[in-house]
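An overview of the molecular structure
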Amino acid sequence: MMLIIASAATAQTTQVTGVVQDNTGEPLMGASVIEKGTSTGTATNLDGEFTLFVKDPAKAVLLVSYVGFETTEVALKGQTKVTVTLKEAAAVLDEVVVVGYGQQKKESVIGAISQVNSSDLLETPSANLSQAITGKIPGVITSQTSGAPGSDDASIFIRGRATFASDAQPLILVDGVERSFAQIAPDDIETISVLKDASATAVYGVRGANGVMLITTKRGKEQKPVVNLTANWQWQTPTRKDTYLDSYQSVMLLEEALANDGLPSQFSAQDIEMYRKSVAGELSGVDALLYPNVDWYDEILRSSAPAQRYNASIRGGTKRMRYYASLEYYDQSSLFKELSRDQYGNKSSQHFRRYGFRANADFFLTSDLTLSVNFGTRFEELRDPNSSESAGYSNIFYQLNHTPGWLFPVAYQVQNGDEMKTLWGGSSQYQNNVYGTLAVGGYYKGIKTINETNFIFEYDLHKITKGLSAKAMASFDYENWHRNKYTQSFATYELNDRDNYEQLDAYNKFGTDNPMASAYDSYSLYKLYMEAQVNYKRVFNNVHDVTAMALYMQNDLRRQSELARRYQGIVGRITYAYDNRYLAEFNAGYNGSENFHKDRRFGFFPAFSVGWRITQESFMERTSEWLDNLKLRASYGQVGNDAYSVNGVQQRFLYEQKWTQLNNDYYFGTSGQPGIFEEQYPNYAVTWERAHKYNIGLEFGLFNSRFTGNLDLFYEKRNDILTEYLTRPWWFGVTSAAGNLGKTTNKGYEIELHWNDAIGRDFNYNIGFTFSHAENKITAKDEPALMTAYRKTEGRPIGQYFGLVADGFVTSADIADPDFPRSTYGDVKVGDLKYRDMNGDGFIDDRDITAIGYSDLPENTYALNLGAQWKGIGFSLMLQGVDHVSRYYDAEAMYAFVNGGKVKEHHLDRWNPALSEGENLANAKYPLLHYDTYADHNQRQNSFFLKNGSFLRLKNIEISYSLPEKWIRHAYMSQCRFYVNANNLITWDHLDGLTDPENNGSNRYPICKTVNFGVNIQF
């Protein structure tokens, strides 16, 4: 009878077969396949295959779902055999969050932690990871001040800045070990977790006060091998162009400045006319040499710089072994033209090249024992001209910004015997020539080798008790930097006999020509890290979820033969969840630093946090149709900081008395004698600064998690900040080691909102917005009690600018006023800056300096992310901005004729003595022009030149296209994606083209916008 019924049912339906797989082609066992609108369904077998009977294949739609993947609808349209490829669900991928010394399920995390994954990072064309995270993590501020190849790392701050003892940078760990991360291949990154509150960072104790970044590289998966190939081709151009004036405009303003200062004229009316003709291209021969119009930027720089990056990786595994391996090659050229005349073909243009290899493997030796081995190596090759080039300063750009284009040409060609000789242009004041520096001045080559290794054993101790495990890790890192420097001095020349300009004796010579000399230097770093860990995880009665962790760690870092820098300590964590509703966590670190005396070396740093998953309560059941998640969390804890820097150099052993020997410490007659003096008076009681951190957070998810968000409020109070003794008088006679005297507060909030949805079957889109506010204040800094309040840093933000307050321009009425304050910085004239006499003593001097503007770190940061996908076409865009920040740029970016230098377009809007006072007051945007040191009064640090550093950038934009699967499967591809993206494409700011708002001036390599074309192929 049953057979008859089954036969009848079968006769009325049609059999459909198929395979369900992931995007790598791996079959998915246990996937659910249901005919939409019916209760008919089945599940896939071990090979991902299924068989299902449907009523009408022409109309039937299958609903295919699998844990961790997006549910997919498949319209059969008459087909009876289908292959279904499921996409991993982004929300599920984020369910596991990397925390200090472990992982937690996202639903149980009650610390302030944000996490981004590899796909987020790869949306930006930057090959530097420190730049790739900009705008992607709430509460994280990045500041990139240079775009130089190989020296373009961004500074990173988590929730602003709460200390002035050091650079306030976070602790950064790569695969659990403190390492530099900026030059790791972005393709190798699995996740970046940012730990922000004390509950998340207390386990790092004495080093957790500034926040922690945990970077995890990719590992293997149990799947067939997946090969990934990526190629990128980039073009970089400065976000701002130079605005220096041509020779004719420059000498006109120079003559005006000289007249304003009562100095003799340097150029006659005929000379000025000749410069006009020079700019118009009407001069040749000796006249062109005597009246040059050199655009040094055009002579030295090209319009764009190319870069290219290639990455190949393989990922896979079996039940006994999993592996991930990658190779990377990155080559970045600079904006400098290749001008080298080296006879052996050595180049002097700035250039960076990176080779990277990474291999991570997990070996399942027994059912209980796992061995993981991580190996990463990089070779970084940097080439520079023989010039001082760094992230903070570029001598090449200083010369470009400083060398006048109207004084001498790039070079002269003269007859020297049987050959023509190149004479590099120069003068008594400008005895260097930037073109000559790149052509014959030499170069250097530097090679950095980085080797990083991890050996990790994990043992499941469930035989002792369920949920118990142990883990041990040892890591050895080695870094070597070797630089060969080749230097060659060369003479410069100035034409002084126009009638004999083709002969060598018609020129004044400055300096000498010497043969090339070579030198080299090198350093090595050795790092040994060890940790041993015991973990416990268990659920009792399906209600009580308990975890515990205890760990010992030790970190040794040695540079050359220096005494190793050591940290060591023990760490503990206990978590408890009742019925997945009420969450509690205790974290603690007992850590020590070799910076302090043995009696004050170790400190205990506890943190407590609680959470409440409100949506798990029974009284919330009626909201389940629209409210998916609502979690309230709170934390308090203490963390420390042991770093203390002076002028960027970290100070060690403040508890030691230090002595220094000088060769000529004192004299008998005219003979200098060696002597020893006390360099540092010790502080035996010095110890770490301590941060007390409070955090309240709210997480929510609405409308089937289409709308999700995080809100955080935080407050931090620091004390015992290492501070120099400002109240000790100079006659104390010796420099005292810093003391634990400083205090600060830091408070703010973070908002993170996301909307993910679909319109129809083919169009998906997402919108994300983040906003962070962090404001700090110095509450104690050992400043003298009787110090004038307006001059104190106490009560001000860290990094607050101080300078003179400018109240517009000096007028003739001011000059006539007998009570008008007298400047100690030089004679003041109508059109100069008028400064506020803060103390009312009738003089303008350094005692009138006070707080101006904001600090150099933005209080507000925000980003808007937009994305969409439609039938293989993808689009993403990110706008990123900062607010409540001030900038004071370098002299060459702002001032006219500084140190006898050049002038820019904004100097045309100066106070013009040829116009009436009323016209100038209405229109002038720059004070009266002066030459060189005669402008000292106007060029003090002041509020007039303090700029609004706020900006909004089109930080990233990308358009991509993935070829249809039916096109590429014949080439054994699972994905073939083409894309074009750009970085820093448009910037809106308040600087009128002065410089890039992040660049901190023009005497450094510029920030660049990047256009990138790429392709990604998976097999």
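Residues numbered from 1 in each chain as written. Predicted model: local features only at pLDDT ≥ 70, side-chain atom pairs only at ≥ 80, totals over all residues. Heavy atoms only, no water.

**Some words on the overall build of the protein**
Looking only at helices and strands, one finds 15 helices and 54 strands in the protein. Taking 31 Å as the expected radius of gyration for a compact globule of 1019 residues, we find that the protein reaches 34 Å, a close match to that expectation. Principal-axis analysis of the C-alpha atoms gives the protein an extent of 120 × 70 × 60 Å. The buried share of the protein, taken over its 1019 residues, is 50%. Within the protein, contacts between residues at least 6 apart in sequence are counted, and of these 69% link residues at least 24 apart. Total accessible area on the protein stands at roughly 46700 Å², and carbon and sulfur atoms take up 54% of it. (Helix = DSSP H or I, 4+ residues; strand = E, 2+ residues; numbered from the N terminus. Rg over C-alpha atoms; globule rule 2.2 N^0.38 Å. Buried < 20%, exposed > 50% of the residue type's maximum accessible area, 1.4 Å probe, protein only. Contact = heavy atoms within 4.5 Å. Areas by Shrake-Rupley, 256 points an atom, 1.4 Å probe, with all protein chains shown as cover.)

**A closer look at the packing of aromatic side chains**
As enumerated under the stated definition, the model contains 39 aromatic pairs in all. Ring centres of Trp-235 and Phe-1013 lie 5.9 Å apart, and the angle between their planes is 75°; this geometry places the pair in the edge-to-face category. Taken together, the residues Trp-235 in strand E17 (residues 223–238) and Phe-1013 in strand E54 (residues 1008–1018) connect sequence positions 778 residues apart. In textbook terms, an aromatic cluster arises when at least three aromatic residues are bridged by ring pairs, as seen for Phe-809, Tyr-895, Trp-911, Tyr-926, Phe-944 and Phe-945. (Phe/Tyr/Trp six-rings, centres within 6.5 Å; stacked < 30°, edge-to-face > 60°.)

**A few points about the side chain of Asn-860**
Topologically, Asn-860 is positioned in strand E48 (residues 860–870). Overall, the relative accessible area of 8% leaves Asn-860 in the buried class. Here His-773 takes part through its side chain, which lies 2.6 Å from a polar atom of the side chain of Asn-860. In contact with Asn-860, other than residues within four places in its own chain, are Phe-771, Ser-772, His-773, Gly-881, Val-882, Asp-883 and His-884. (Polar contact = N/O pair within 3.5 Å; in protein donor to acceptor, adjacent residues only side chain to side chain.)

**Section: unusual backbone geometry**
Notably, Asp-579 is not glycine yet its phi reads approximately 55°, a positive angle. Mapping Asp-579 onto the fold places it in the loop between strand E30 (565–578) and strand E31 (582–593). Given the relative accessible area of 33%, Asp-579 is considered partly exposed. A positive phi angle, close to 65°, is found at Tyr-972, a residue other than glycine. Inspection of the secondary structure puts Tyr-972 in the loop between helix H15 (965–968) and strand E53 (975–989). For Tyr-972, a relative accessible area of 70% corresponds to the exposed category.

**Details of a nonpolar patch on the surface**
A contiguous nonpolar surface patch, about 830 Å² in accessible area, is contributed by Tyr-576, Tyr-578, Tyr-582, Trp-612, Phe-619, Leu-632, Ile-696, Leu-713 and Tyr-749. With respect to the element layout, Phe-619 can be found in the loop between strand E32 (602–613) and strand E33 (627–641). A relative accessible area of 49% means that Phe-619 is categorised as partly exposed. (Patch = residues over 30% accessible without salt bridge, like charges linked within 9 Å, V, L, I, M, F, W, Y side chains within 5 Å. Salt bridge = Lys/Arg side-chain N within 4 Å of Asp/Glu carboxyl O.)

**Considerations on the pattern of salt bridges**
All told, the structure shown has 46 salt bridges when counted by the stated rule. Between Arg-581 and Asp-579 there is a salt bridge whose closest N-O contact spans 3.0 Å. Arg-581 gets classed as buried once you look at its relative accessible area, which sits at 16%. The salt bridge involving Asp-936 is made with Arg-940; its shortest N-O contact spans 3.0 Å. On the accessibility criterion, Asp-936 (30% relative accessible area) is partly exposed. It is possible to trace a salt-bridge network through shared partners that takes in Arg-159, Lys-196, Lys-631, Arg-633, Glu-699, Asp-712 and Glu-750.

**Structural notes on the sheet that holds strand E15 (residues 189–195)**
The five strands lie next to each other as E10-E15-E16-E13-E14, forming an open sheet whose pairing is mixed. Either end of the sheet is taken by a strand with one partner, and the two such strands are strand E10 (113–117) and strand E14 (177–178). The pairing of strand E13 (residues 171–174) with E14 spans two bridges and is antiparallel. Bridge assignment links Leu-173 to a residue of E14, and that residue is Glu-178. (Pairing = 2+ DSSP bridges.)

**Some thoughts on the environment of Val-286**
Residue position: Val-286 is located in helix H8 (residues 285–290). Note on Val-286: relative accessible area 11%, which makes it buried.

**As for helix H10 (residues 395–402)**
For H10, the buried fraction is high: seven of the eight residues fall into the buried class. Asn-395, Ile-396, Phe-397, Gln-399, Leu-400, Asn-401 and His-402 are the residues of H10 that are buried. Turning to H10, the residues buried within the fold contact helix H9 (296–300), strand E21 (369–385), helix H11 (434–440) and helix H13 (891–894).

**Some thoughts on the pairing of strand E37 (residues 671–680)**
Direction of pairing for strand E36 (residues 658–668) relative to E37: antiparallel, over a ladder of eight bridges. The partner of Trp-659 across the bridge, within E37, is Glu-678. Here E36 hands over to E37 after two residues, with Gly-669 in that stretch at a positive phi of 70°.

**So, the sheet that holds strand E1 (residues 14–21)**
The three strands lie next to each other as E4-E1-E7, forming an open sheet whose pairing is mixed. Edge positions in the sheet fall to strand E4 (49–54) and strand E7 (81–85), since each has one partner strand and no second. Taken pair by pair, the neighbouring strands of this sheet meet at an average axis angle of 30°, ignoring direction. Relative to E7, E1 runs parallel, the two sharing five bridges. For Val-20, the partnering residue across the bridge sits in E7 and is Val-84. (Axes fitted to C-alpha atoms, helices over the stretch in contact; angles between N-to-C directions.)

**Quick notes on the nonpolar core**
Counting 42 residues, the largest nonpolar core has Met-894 and Phe-897 as the members making the most contacts within it. Of all the secondary-structure elements, those providing two or more residues to this core are helix H6 (247–260), helix H7 (269–279), strand E43 (806–809), strand E45 (833–835) and H13. At five residues, H6 tops the list of elements feeding residues into this core. Residues within four places of Met-894 in sequence aside, it is in contact with Tyr-888, Tyr-889, His-906, His-907, Tyr-926, Phe-945 and Leu-994. Membership of the second largest hydrophobic core comes to 35 residues, among which are Leu-289, Trp-296, Ile-300 and Trp-424. (Core = buried A, V, L, I, M, F, W, Y, C linked by side-chain atoms within 4.5 Å.)

**Brief notes about the environment of Leu-630**
Mapped onto the elements, Leu-630 comes out in strand E33. Along the sequence, Leu-630 and Lys-59 sit 571 residues apart, while their C-alpha atoms lie 40 Å from each other. Filtering out sequence-adjacent residues up to four positions away, Leu-630 remains in contact with Trp-612, Arg-613, Ile-614, Thr-615, Leu-698, Glu-699 and Phe-700.

**So, the side chain of Gln-183**
Within the fold, Gln-183 resides in the loop between E14 and E15. Within the structure, the side chain of Gln-183 is placed 2.4 Å from the side chain of Arg-354, a separation counted as a polar contact.

**Considering H7**
Every buried residue of H7 is listed here: Asp-271, Ile-272, Met-274, Tyr-275 and Ser-278. Angular distribution of buried residues about the axis of H7 spans 155°; they occupy a single face of the element. Those residues of H7 that are exposed and aimed more than 90 degrees away from the buried face are Ala-269 and Gln-270. Among the structural elements, H6 and H8 are those in contact with the buried residues of H7. Gly-281, located one to two residues past H7, shows a positive phi value of around 75°. (Arc of directions from axis to C-beta.)

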